[in-house]
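# Report on the structure
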Amino acid sequence: MNKKIQKILIANRGEIALRVVRACRERGIRSVAVYSDVDRASLHVAHADEAYRLGPSPAQESYLRGDLILEIAQRCGADAVHPGYGFLSENAEFSAACEAAGVCFIGPSASAMHMLGSKTRARQTADQASLPRVPGSVRALESLAEAKQVAAQVGYPIMLKAAAGGGGKGMRVVRSETVLSEALENARSEAERAFGSGDVYIEKLIENPRHIEVQILADHHGNCVYLGERECSVQRRHQKVIEEAPSAIVDPALRSRMGEAAVRLAQAAGYTNAGTVEFLVDVQRNFYFLEMNTRLQVEHPVTELVTGLDLVHLQIQIAEGEPLPFAQADIHLRGHAIECRIYAEDPENQFFPSPGKITHLVQASGPGIREDCGIYEGWTVPLDYDPILSKLIAYAPTRAMTIARMLRALDEYHVGGIATNVNLFRRILRDEGFRLANIDTGYLERLLAQDPSPSDRKTGELDSQAEKVAVIAAACLKKNKMNVRISTEDNSNAASAWKAAARREALRP
Ligand code: MV4
């Protein structure tokens, strides 16, 4: 087990693949990218030491081809596979196949994944580890009669959930017994269609919860620590939009109770690697185990910034059989971090995906700003995968200063050629409710249902547009001096006014 990894195949794409390539480079490990046809010119491919084609663009024929990925790993002599998030990252079969082939899977064992994989099994594991969980059943319902009995016992309103579920699919709120039968049938058929299993179970409905998750790390020597929490309540249709660390409502006492619960769960499952234990937190600040994510998550950077740790380095060290280089008492949180997920989608047009060519990119930097990015100017965003372009992360001593810093970074940031949700972040970060940390899982829907405040719509946008023009102009000027050709393509899009202004500025004698 105790063996230095020499070469890692990264079974992913975009910003997370590049994130892992960078950690490999820092550790003197060779990195291997894989790509689908549409990703041949992707940033992660350019940065890796080697790159191999998987197949056509659909994920089923490329990034989900575990057999092919493992074959490439063996052929190119990679001794480990990092799955990133999504795709094969929580696939127990793939983890087992890697193990069987003698390739180290940088993640938990298949058996730990299995203990936490289905929601009902995870609830059983949570009971073994005496975690507080949402009241309800821990096994799939066998009949309507059983459903009625469990629902009456926990009390309405209840939620029907798919045992194999995720992302809110197969979920139904049921407010009274009269509609239970119909809801059960609907939830079953939706679950069957989405997951190939119609197993559903019951949970009591937690009204207006917050979604708060705890990052853990567990090694192969029985050491397990928690790295504080992330507040992930700002989401839309089960897609997270903003995450932050720490949560404004978690005090040290609650943090240690949630952290210790998360560690107990990991230990009960024989878990190794980085992992995340999700909780719902109700308005009285009771917390309930929801599920465990057995992978590195999109929002891991906010934890890295407030702990000063590098989770990808630590994943690799754990996979190499090293013991964790610190104990719980060595972990201290400092400052506040916020992440904005920049998506290629149009908030002005029902959040429709907005693939296409990135004709202009001005990135944010400066004090306290990190960007984990998977795009570059001239690249074309494909329609085939998750539309995440980049993660903008701000860090400062306090939450208020982090918000101010993020607003400043958003003003610097500009993506031209496609629609993005950048302006939505401006609106959220200026919202009184967000600034007071008055957020729950319904927060963003409520904000979007309101008309944008006059300051968001008029002066605010004009201000930030004016500022942006200045920034872009400065960037263009710099390029001119460096003798880099400025694109003169005429792309009629929302940013064209900015670009035109910027070009005029840049071409001034
Ligand atoms: C809940 C809940 C309220 N009560 N369970 C949604 C996705 C799935 N992972 C869990 N989800 C929820 N489960 C009970 N018993 C409310 C949600 C929920 C939610 C949870 C986390 C983040 C965003 C959410 C948005 C709406 C509903």
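Our subject is the structure listed above.
Rules of the game
Residues numbered from 1 in each chain as written. Predicted model: local features only at pLDDT ≥ 70, side-chain atom pairs only at ≥ 80, totals over all residues. Heavy atoms only, no water. Salt bridge = Lys/Arg side-chain N within 4 Å of Asp/Glu carboxyl O. Buried < 20%, exposed > 50% of the residue type's maximum accessible area, 1.4 Å probe, protein only. Helix = DSSP H or I, 4+ residues; strand = E, 2+ residues; numbered from the N terminus. Pairing = 2+ DSSP bridges. Near = heavy atom within 4 Å. Polar contact = N/O pair within 3.5 Å; in protein donor to acceptor, adjacent residues only side chain to side chain. Areas by Shrake-Rupley, 256 points an atom, 1.4 Å probe, with all protein chains shown as cover. Nonpolar A, V, L, I, M, F, W, Y, C, P; charged D, E, K, R; others polar. Domains from an automatic or database assignment. Axes fitted to C-alpha atoms, helices over the stretch in contact; angles between N-to-C directions. Parallel < 35°, antiparallel > 145°, perpendicular 65-115°, else oblique. Left-handed = near helix turned anticlockwise from the far one by under 90°. Contact = heavy atoms within 4.5 Å. Phe/Tyr/Trp six-rings, centres within 6.5 Å; stacked < 30°, edge-to-face > 60°. Lys NZ or Arg CZ within 6 Å of the ring centre and 35° of its normal.

## Side note on the pattern of salt bridges
Under the criterion given, the structure shown has 34 salt bridges. It is possible to trace a salt-bridge network through shared partners that takes in Glu213, Arg230, Lys240, Glu243, Glu299 and Arg341.

## Considering the pairing of strand β10 (residues 224–236)
Along β10, 13 of the 13 residues are buried, which leaves the element largely enclosed by surrounding structure. Bridge count for strand β9 (residues 210–218) against β10 is six bridges, and the pairing is antiparallel. Its bridge partner being in β10, Ala218 is matched across the sheet by Cys224. In this structure, the hairpin formed by β9 and β10 is closed by a connection of five residues, where Gly222 is found at a positive phi of approximately 85°. In the sheet, β10 pairs with strand β11 (residues 239–245) via four bridges, with the strands oriented antiparallel. In the strand pairing of β11, Arg236 is matched with Gln239. Hairpin connection from β10 to β11: two residues lie between these consecutive antiparallel strands, with Arg237 at a positive phi of about 50°.

## Points about the site of the ligand
The full set close to the ligand counts 17 residues, and Lys161, Glu203, Lys204, Ile206 and Gln235 are the nearest of them. Side-chain polar atom of Glu291 to a nitrogen atom of the ligand: 3.3 Å apart, as the coordinates give it. Here the ligand has 520 Å² of accessible area as a free molecule, and 89% of this is covered by the chains. Looking at the shell around the ligand, the elements with two or more residues in it are β6 (158–162), β8 (200–204) and β13 (287–293). Class assignment of the residues belonging to the shell around the ligand gives a composition of seven nonpolar, five polar and five charged. Structurally, the shell around the ligand is a two-domain feature, drawing no fewer than three residues from each of domain 2 (135–204) and domain 3 (210–460).

## Description of the packing of helix α12 (residues 399–412) against helix α13 (residues 422–430)
Orientation of α12 relative to α13, taken along the N-to-C sense of each, is 155°, at an axis distance of 10 Å. The orientation of α12 with respect to α13, classified from their angle, is roughly antiparallel. With respect to the hand of their crossing, α12 and α13 are arranged in left-handed fashion. Facing α12, whose interface residues are Ile403, Met406, Leu407, Leu410 and Asp411, α13 presents Val422, Phe425, Arg426, Leu429 and Arg430.

## A look at the packing of aromatic side chains
Within this structure, the stated rule accounts for six aromatic pairs. Geometrically, the ring pair formed by Phe94 and Phe105 is edge-to-face, given 5.9 Å between the ring centres and 85° between the ring planes. Here Phe94, found in helix α4 (residues 92–100), pairs with Phe105, found in strand β5 (residues 104–105); they are eleven residues apart in sequence, far enough to count as distant. The class of Phe94 is buried, set by a relative accessible area of 4%. Overall, the relative accessible area of 9% leaves Phe105 in the buried class. These aromatic residues form a ring-pair network of at least three members: Tyr63, Phe87 and Tyr385. Sitting above the plane of the Phe351 ring, Arg236 keeps its charged end 3.8 Å from the centroid. The ring of Phe434 has Arg399 sitting right over it, with the charged end atom 4.6 Å from the ring centre.

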